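Understanding the architecture of this molecule
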Amino acid sequence: SQQGEEDPQALSIQEGENATMNCSYKTSINNLQWYRQNSGRGLVHLILIRSNEREKHSGRLRVTLDTSKKSSSLLITASRAADTASYFCATDAGGGADGLTFGKGTHLIIQP
Amino acid sequence: DSGVTQTPKHLITATGQRVTLRCSPRSGDLSVYWYQQSLDQGLQFLIQYYNGEERAKGNILERFSAQQFPDLHSELNLSSLELGDSALYFCASSAYWDPLTGELFFGEGSRLTVL
């Protein structure tokens with residue numbers, strides 16, 4: 001079963017707007033990672049946030065983590081057409097013994 | 001370029017057949033992971049090897065098997081193929097034993113079509 005679930009499943013916004021995606025998970029985690037996947041390509045790591053961190057930034061990306069709510073959000077500011085992709089959160093499902101498990105992703109479309 | 005190489009990129013075969021997918025990890029990475037991605041199941045973790053030893057097992061069918069060789073490349077063998085095995089198979093690598101420690105580097109995938 002999947003540990004992380006992204007919401008919404010799909011999101012379409014205008015170029016220049018901000019995009020926010022959410023991830024909820026079920027059990028306690030050590031860290032949470034976000035990945036991007038362009039259509040039919042391999043996943044690319046975006047950011048890792050540890051369970052003792054609340055917020056992390058990387059360029060136009062901002063990730064928050066709320067362990068009390070078992071949720072994380074990924075904010076992409078000033079979106080560009082090149083940000084069109086699927087975004088996945090990844091967590092451990094039981095201490096890493098089951099590998100890194102991914103949600104079904106949020107498909108983000110940036111309209112020019 | 002992630003540094004992870006997967007071959008073949010595309011593969012079309014018939015039901016009942018057997019195929020082997022190959023993965024060369026990033027230079028220096030000891031962990032190799034295999035994932036299956038399909039529209040209905042999403043990205044499913046299959047198996048992880050670390051320095052030649054199986055470290056974690058996910059939703060891998062008994063018809064599937066994998067191994068990691070002394071030179072750290074890995075192969076995923078899929079046998080008695082069924083239509084439902086059609087998917088994109090990804091290999092990823094990392095420097096760590098624990099996938100939680102750092103990022104995974106993904107290859108571009110092998111697209112398997114079973115007819």
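See the structure above.
So, here's what we can say about the structure. Here the residue numbering is sequential within each chain, running from 1 through the sequence in written order. To read the labels, note that chains go from A and ligands from 1, taken in the order they are written. Restriction of local features to residues with pLDDT of at least 70 applies here, the model being predicted, together with a cutoff of 80 or more for giving and counting side-chain atom pairs; totals for whole chains, interfaces and linings are based on all residues. Side-chain calculation: all heavy atoms of the structure are included, whereas hydrogens and water are not.

**Looking at the state of the cysteines**
Here, disulfide denotes a covalent bond that connects the sulfur atoms of two cysteines. Residues and elements named next belong to chain A. Two cysteine sulfur atoms form a disulfide, by the criterion used here, when they sit within 2.5 Å. The final tally for this structure, using the stated rule, is two disulfides over all chains. Each disulfide pairs two cysteine sulfurs, and for C23 the partner residue is C89, the sulfurs being separated by 2.0 Å. Taking the torsion about the S-S bond as the criterion, the C23 to C89 disulfide, at about 65 degrees, is right-handed. One end of the pair, C23, is in strand β3 (residues 19-25); the other, C89, is in strand β9 (residues 85-92), with 66 residues separating them in the sequence. Exposure class is identical for C23 and C89. Each is buried. Secondary structure elements follow DSSP: runs of H or I no shorter than four residues count as helices, runs of E no shorter than two count as strands, and numbering proceeds from the N terminus. Exposure is judged per residue with a 1.4 Å probe applied to protein chains only, and the accessible area is read against the type maximum: over 50% gives exposed, under 20% gives buried, and values in between give partly exposed.

**Observations concerning the interface of chain B and chain A**
Listed as interface residues are 23 residues of chain B and, on the opposing side, 23 residues of chain A. Reported buried area values correspond to the accessible surface (1.4 Å probe) lost by two parts on association, with both partners' losses combined. When residues of chain B are sorted by the area they lose upon contact with chain A, L43, L100 and E108 of chain B head the list and together hold 33% of the total. Think of a salt bridge as a Lys or Arg side-chain nitrogen and an Asp or Glu carboxyl oxygen that are within 4 Å of each other. Applying the counting rule to chain B against chain A returns one salt bridge. R41 of chain A is the partner of E108 of chain B in a salt bridge, and the nearest nitrogen-oxygen pair spans 2.5 Å. Counting of polar contacts relies on pairs of N or O atoms within 3.5 Å, with two restrictions inside protein: one atom must be capable of donating a hydrogen and the other of accepting it, and residues adjacent in sequence are counted only when both atoms are side-chain atoms. On inspection of chain B and its partner chain A, the count reaches six residue pairs in polar contact (both at pLDDT 80 or more). Those elements that provide at least two residues to the side of chain B that touches chain A are β4 (31-38), β5 (42-50), β6 (53-57) and β9 (87-94) of chain B. Among the elements that make up the side of chain B that touches chain A, the one with the highest residue count is β5 of chain B (four residues). In this analysis, two residues are considered to be in contact whenever any of their non-hydrogen atoms come within 4.5 Å of each other.

**Remarks on the layout of surface pockets**
Grid points spaced at 1 Å over the protein atoms alone were grouped into cavities, where a 1.4 Å probe fits but cannot get out, and pockets, open sets with protein on both sides within 12 Å along at least five of seven lines, with lining residues defined by an atom within 4 Å of a point. Grid points are joined across faces, edges and corners, and a volume is the space filled by probe spheres set on the points. Estimates place the volume of the largest pocket at around 530 Å³. If you go around the largest pocket, you meet 19 residues; those closest to its centre are Q37 and S86 of chain A together with Q37, S38 and L39 of chain B. Breaking the lining of the largest pocket down by element, the ones donating at least two residues are β9 of chain A together with β4 and β9 of chain B. The greatest single-element share of the lining of the largest pocket, amounting to three residues, is contributed by β9 of chain A. Ten residues, namely Ala, Val, Leu, Ile, Met, Phe, Trp, Tyr, Cys and Pro, are considered nonpolar, four, namely Asp, Glu, Lys and Arg, are considered charged, and the remaining ones, Gly among them, are considered polar. In terms of residue class, the lining of the largest pocket is built from five nonpolar, 12 polar and two charged. Of the pockets and cavities examined, the second largest pocket occupies roughly 220 Å³. Along the wall of the second largest pocket there are 15 residues; nearest its centre are Q36, Q41, L61, G84 and D85 of chain B. Elements that contribute at least two residues to the lining of the second largest pocket include exactly β4 and β5 of chain B. When its residues are assigned to classes, the lining of the second largest pocket shows four nonpolar, seven polar and four charged.

**Focus: unusual backbone geometry**
With an omega dihedral of 0 degrees, the bond running from D7 of chain A to P8 of chain A counts as a cis peptide bond. Of the consecutive residues T7 of chain B and P8 of chain B, the connecting peptide bond is found in the cis state with omega at -10 degrees. Phi angles above zero are rare outside glycine, and N51 of chain B is one such case at about 50 degrees. Relative to the elements of secondary structure, N51 of chain B occurs in the loop between β5 and β6.

**What about the pairing of β9 of chain A?**
Residues and elements named next belong to chain A. Among the eight residues in β9, eight count as buried, and that is most of the element. One ladder, built from six bridges, connects strand β4 (residues 31-37) with β9; its direction is antiparallel. In the sheet register, Q37 faces β9, and the bridge partner there is S86. Where β9 and strand β11 (residues 106-111) come together, three bridges link them in antiparallel fashion. The residue of β11 that forms the bridge with Y87 is T106. One bridge is not enough; two strands pair if DSSP finds at least two bridges between them.

**Focus on the sheet that holds strand β6 (residues 55-58) of chain A**
Residue and element names in this part refer to chain A. The antiparallel open sheet is built from five strands, whose spatial order is β1-β3-β8-β7-β6. Of all strands in the sheet, those with a lone pairing partner are β1 (4-7) and β6, marking the two edges. Going across the sheet, the axis of each strand differs from the next one's by a mean of 20 degrees, ignoring polarity. In the sheet, β3 pairs with strand β8 (residues 71-76) via six bridges, with the strands oriented antiparallel. Note on β8: the bridge partner recorded for S24 is S71. Where helices are involved, their axes are fitted lines through C-alpha atoms of the stretch in contact, as for all axes, and angles between N-to-C directions lie from 0 to 180°.

Any functional reading would require information that these geometric values do not contain.
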